[in-house]
Each structure stands twice: as structure tokens, then as C-alpha cells.
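Summary of structural features
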Amino acid sequence: MTLSVLVADDSALARKLLIHALPEDWDVEVSEAKNGAEALDTYHAGRASVMFLDLTMPVMTGCKVLDELHRLDANVVVIVVSADVQVGARDRVKAAGALAFVEKPVSREKLEPILREYGLYA
């Protein structure tokens, strides 16, 4: 069954690198968002079963997206992908409902174990 995946990052290069890091044989349909508001719009349009979310974005930050998804009791798996490696940032996003935190730069070697651990990729 094809999963809808959203990559939300204000950097086009970061989105491209993350999409390239996804497992090649993972049955997904990928959407992109360049800010938090677009990420929420894409979620509401039903195109985000799994969301890879940057924290630092214009219009609406990743933290605000997480807060809104939590408020909505949203049915989406969120994996935060960020260069903010402070322990406080990791704890904050996990408390807000993120499944995992991946440090930039992202790679297939970082993503696959997380996807496997949570049953998103076999």
C-alpha cells in the first residue's frame, strides 16, 4: 500500500536531499512543503501519513506545526529533521508528538533504522 509522505523544509536543497535519502524501494508518494502552513494544508488535503518536518521555517515553524497537529489529535507520523541538535529541542519535539528526531544532514543510513523500528518500512 502506497504511503503518502510529506517533506516540509524551507530549503529546496534540503527537501531534495531528504527525498533522495528515502529507501529506493519504499512505496511512497512524496509531497513537498516549503513552510509550516503549507505542511498543514498538505496534511488537511490527506497527503501526509508520514511527515518529515524541519523546525526552522518561515510563515509557521515546525514547532507550531507540531502544536497544531497535537491540538487536532492528527493521525500522522512526524519525524523531525533538524540541524538543532540541542537536547532541549529533541525533548520538546518528542513531547509535542514527534516520533523521532533526525539530525541534518540526513542520510539513508540515518532514516532506514527509524523507519524500520516504527514499522514504516520493512
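Below, the structure is looked at part by part. (Residues numbered from 1 in each chain as written. Predicted model: local features only at pLDDT ≥ 70, side-chain atom pairs only at ≥ 80, totals over all residues. Heavy atoms only, no water.)

**Here we look at the overall build of the protein**
When its secondary structure is counted, the protein shows five helices and five strands. For the protein, the sequential pattern of α-helices and β-strands runs β-α-β-α-β-α-β-α-β-α. For a compact globule of 122 residues, the expected C-alpha radius of gyration is about 14 Å, and the protein comes in at 13 Å, within 12% of that figure. Reported as C-alpha extents along the three principal axes, the dimensions of the protein are approximately 30 × 30 × 25 Å. Expressed as a percentage of its 122 residues, the buried residues of the protein come to 44%. Taking the intrachain contacts of the protein between residues at least 6 apart in sequence as the baseline, contacts between residues at least 24 apart amount to 62%. As displayed, the protein offers around 6500 Å² of accessible surface, 52% of which is attributable to carbon and sulfur atoms. Within the protein, one finds 13 positive and 19 negative side-chain charges whose respective centroids are separated by 3 Å. (Helix = DSSP H or I, 4+ residues; strand = E, 2+ residues; numbered from the N terminus. Rg over C-alpha atoms; globule rule 2.2 N^0.38 Å. Buried < 20%, exposed > 50% of the residue type's maximum accessible area, 1.4 Å probe, protein only. Contact = heavy atoms within 4.5 Å. Areas by Shrake-Rupley, 256 points an atom, 1.4 Å probe, with all protein chains shown as cover. Lys, Arg positive; Asp, Glu negative; His and termini not counted. Charge placed at Lys NZ, Arg CZ, Asp CG, Glu CD.)

**Digging into the nonpolar core**
Within the largest apolar cluster, 22 residues are counted, with the highest numbers of intra-cluster contacts made by Met51, Leu53, Leu66, Leu69, Val78 and Val80. Going through the elements one at a time, strand E1 (3-8), helix H2 (36-44), strand E3 (50-53), helix H3 (62-72) and strand E4 (77-82) are the ones with two or more residues in this core. When sequence neighbours within four positions are dropped, the list of residues in contact with Leu66 reads Leu53, Val78, Val80, Val93, Ala96 and Ala98. Of all hydrophobic cores here, the second largest spans 18 residues; its members include Val5, Leu18, Trp26 and Val106. (Core = buried A, V, L, I, M, F, W, Y, C linked by side-chain atoms within 4.5 Å.)

**A few points about the pairing of E3**
Burial of E3 is two-sided: the residues Val50 and Phe52 facing one way and the residues Met51 and Leu53 facing the other way are all buried. Of the strand pairs in this sheet, E1 and E3 are connected by four bridges, and their pairing is parallel. Within E3, the position partnered with Val7 by the bridge is Phe52. Where E3 lies against E4, four bridges are found, and the strand directions are parallel. Within E4, the position partnered with Phe52 by the bridge is Ile79. Handedness of the β-α-β unit built from E3, H3 and E4 comes out right-handed. (Pairing = 2+ DSSP bridges. Right-handed = clockwise from strand over helix to strand, strands pointing away.)

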